[in-house]
Amino acid sequence: MFDQIIISSGVQSPLPSVTNLQVDSVNFPPSVISPASSNRLFLAGAGVQGLDIQGEFVISTVIGVYLDPNAVGSLTSFGWGCKTTEELTESVNFFRHIVTGSFEKFIKVTMKLPLTGQQYSEKVTENCEAIWESLGINSNSDISCGPPPSAKLRFNKITKTFGPSRHYSRGQAVKRFLEIFKPKKFPPGAFILFAISPKGSLTVAFSSDDGIPKRGNTAIENKFLAEAVLESIIGKNGVSPGARLSVAERLAQVMKNEGRAETLILADKKFMKNNEVKEDATKAKTDQEEANDLSLGDKLAEENVG
């Protein structure tokens with residue numbers, strides 16, 4: 001039911017056994033390796049994003065969402081495993097748990113319509129702003145992107161270079177996000193990749209083929225932006241209701257499977273314990289019978305001597 005995945009830092013949580021998804025001719029494999037951490041993540045769901053053009057729904061992107069296997073245990077520990085697909089789909093808190101959970105997420109966006117980087121990034125940040133407003137997060141007027149003069153140099157594990165440590169404010173993060181996308185052009189078939197670390201760092205990468213680069217182009221360390229990018233896709237008013245439904249369906253099944261696996265493990269442990277008790281009882285009975293036989297032998301020996 002599960003494949004064990006070994007990573008350099010130790011043993012990763014078991015990878016759920018899930019299938020690939022084919023959405024509007026775009027294939028999403030069951031698992032991918034994150035360009036931010038090199039961890040293997042499983043496919044939680046996928047769906048389309050579209051536009052209404054003269055009364056006709058036109059698909060603009062196809063989006064796949066991947067999660068760290070640790071997400072399954074995190075979600076089940078909060079009782080989501082006993083909910084139906086319908087209950088999960090309608091639950092704001094369930095998707096907020098996914099968005100804010102302390103486990104890695106990965107988003108793969110496949111372009112179906114040609115878009116410029118500016119068009120794409122402005123729409124994403126517009127959606128993020130709407131999310132922050134709905135959550136009551138105050139606006140941030142500080143959009144300066146330069147690091148403070150006292151910033152120390154450190155090794156960036158994502159870009160594999162040394163540079164100043166930058167913990168962006170929300171305004172700075174938005175500006176940096178727009179800057180990254182501004183010179184880009186995305187023809188149909190191009191890929192935009194987002195990796196969200198457990199601490200909320202947003203890694204951005206691009207690809208012109210179906211492959212995923214070994215590392216991202218840029219990391220923006222701002223939890224608000226990282227979470228809002230994912231929520232803008234699968235949240236209550238996300239751009240891909242299909243991806244939201246797909247995530248609910250697949251996670252409901254994954255959590256159900258994990259519950260069955262845990263039940264089987266507990267049943268095996270109980271069976272083994274019962275066998276041990278029976279073996280102990282049998283051994284005790286045998287020892288007692290041997291002791292009785294010895295006592296009878298001693299008594300007969302005494303009678304013969306007498």
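What you see is a predicted model; the values in this text were computed from it and never measured. Residue numbers restart at each chain and count upward from 1, following the sequence in its written direction. Selection of residues for local features in this predicted model requires a pLDDT of at least 70, selection of side-chain atom pairs for listing and counting requires 80 or more, and totals for whole chains, interfaces and linings are taken over all residues. Calculation of side-chain values draws on the structure's entire complement of heavy atoms; hydrogens and water are dropped beforehand.

Peer 1: Where do I start with the pattern of salt bridges in this structure?
Peer 2: Opposite charge on two side chains allows them to pair when their charged atoms are near. The working definition used for a salt bridge is a side-chain nitrogen of Lys or Arg within 4 Å of a carboxyl oxygen of Asp or Glu. Under the defined criterion, the tally for this structure stands at six salt bridges. One salt bridge connects Glu231 with Arg96, and the closest N-O pair in it is separated by 2.4 Å. One end of the pair, Glu231, is in helix H6 (residues 223-234); the other, Arg96, is in helix H3 (residues 92-100), and 135 residues separate them in sequence. Note on Arg96: relative accessible area 23%, which makes it partly exposed. The shortest N-O distance in the salt bridge between Glu129 and Arg170 comes to 3.7 Å. Each helix is a run of H or I in the DSSP string that is no shorter than four residues. Each strand is a run of E no shorter than two, and both are numbered from the N terminus. Type-normalised accessible area, obtained with a 1.4 Å probe on protein chains alone, sets the label of each residue: buried when under 20%, exposed when over 50%, and partly exposed for intermediate values.

Peer 1: Would you mind showing me how to read the packing of aromatic side chains here?
Peer 2: Pairing of aromatic rings covers Phe, Tyr and the six-membered ring of Trp, with a centre-to-centre limit of 6.5 Å; geometry is then stacked below 30 degrees between planes, edge-to-face above 60, and tilted otherwise. According to the stated counting rule, one finds eleven aromatic pairs in the structure shown. When the centroid spacing of 6.1 Å and the interplanar angle of 20° are considered together, the rings of Phe177 and Phe194 count as stacked. Of this pair, Phe177 sits in helix H5 (residues 170-181) while Phe194 sits in strand E15 (residues 191-196), and the two are 17 residues apart along the sequence. In this structure an aromatic cluster arises from ring pairing among Tyr120, Phe177, Phe181, Phe186, Phe194 and Phe206. Charge-over-ring placement is defined geometrically: NZ (Lys) or CZ (Arg) within 6 Å of the ring centre, and within 35 degrees of the ring normal. For the cation-ring pair, Lys105 lies above Phe103, with the distance from its terminal atom to the ring centre recorded as 4.9 Å.

Peer 1: Would you mind showing me how to read the confidence of the model for the chain here?
Peer 2: Predicted coordinates in areas of low pLDDT are best not read in detail. Confidence of the predictor at the level of single residues is given by pLDDT, which spans 0 to 100. Per-residue pLDDT for the chain has a mean of 82; in total, 72% of the residues score no lower than 70. No element of the chain has a lower mean pLDDT than strand E2 (residues 6-7), at 35, and none a higher one than strand E10 (residues 105-111), at 98. Every residue in residues 1-10 is under pLDDT 50, and counting partners more than four places away or in other chains gives 21 contacts. Throughout, a contact is declared for two residues whenever any of their heavy atoms are within 4.5 Å. Low confidence marks residues 140-165, where pLDDT is under 50. Its contacts with residues over four positions away, or in another chain, come to 44 contacts.

Peer 1: Just checking my understanding: could you explain the nonpolar core for this structure?
Peer 2: General note: in soluble globular proteins, nonpolar side chains tend to be found buried as a group. Counting 53 residues, the largest nonpolar core has Ile98, Phe181, Phe194 and Leu251 as the members making the most contacts within it. If we ignore the near neighbours within four places in the chain, the residues touching Phe194 are Lys105, Phe106, Ile107, Val109, Tyr120, Phe177, Phe181, Leu202, Thr203, Val204 and Val229. By size, the runner-up hydrophobic cluster in this structure holds 14 residues, among which are Val26, Ala46, Tyr66 and Ala195. Throughout this description, the term nonpolar core refers to a set of buried Ala, Val, Leu, Ile, Met, Phe, Trp, Tyr and Cys residues connected via side-chain atoms within 4.5 Å.

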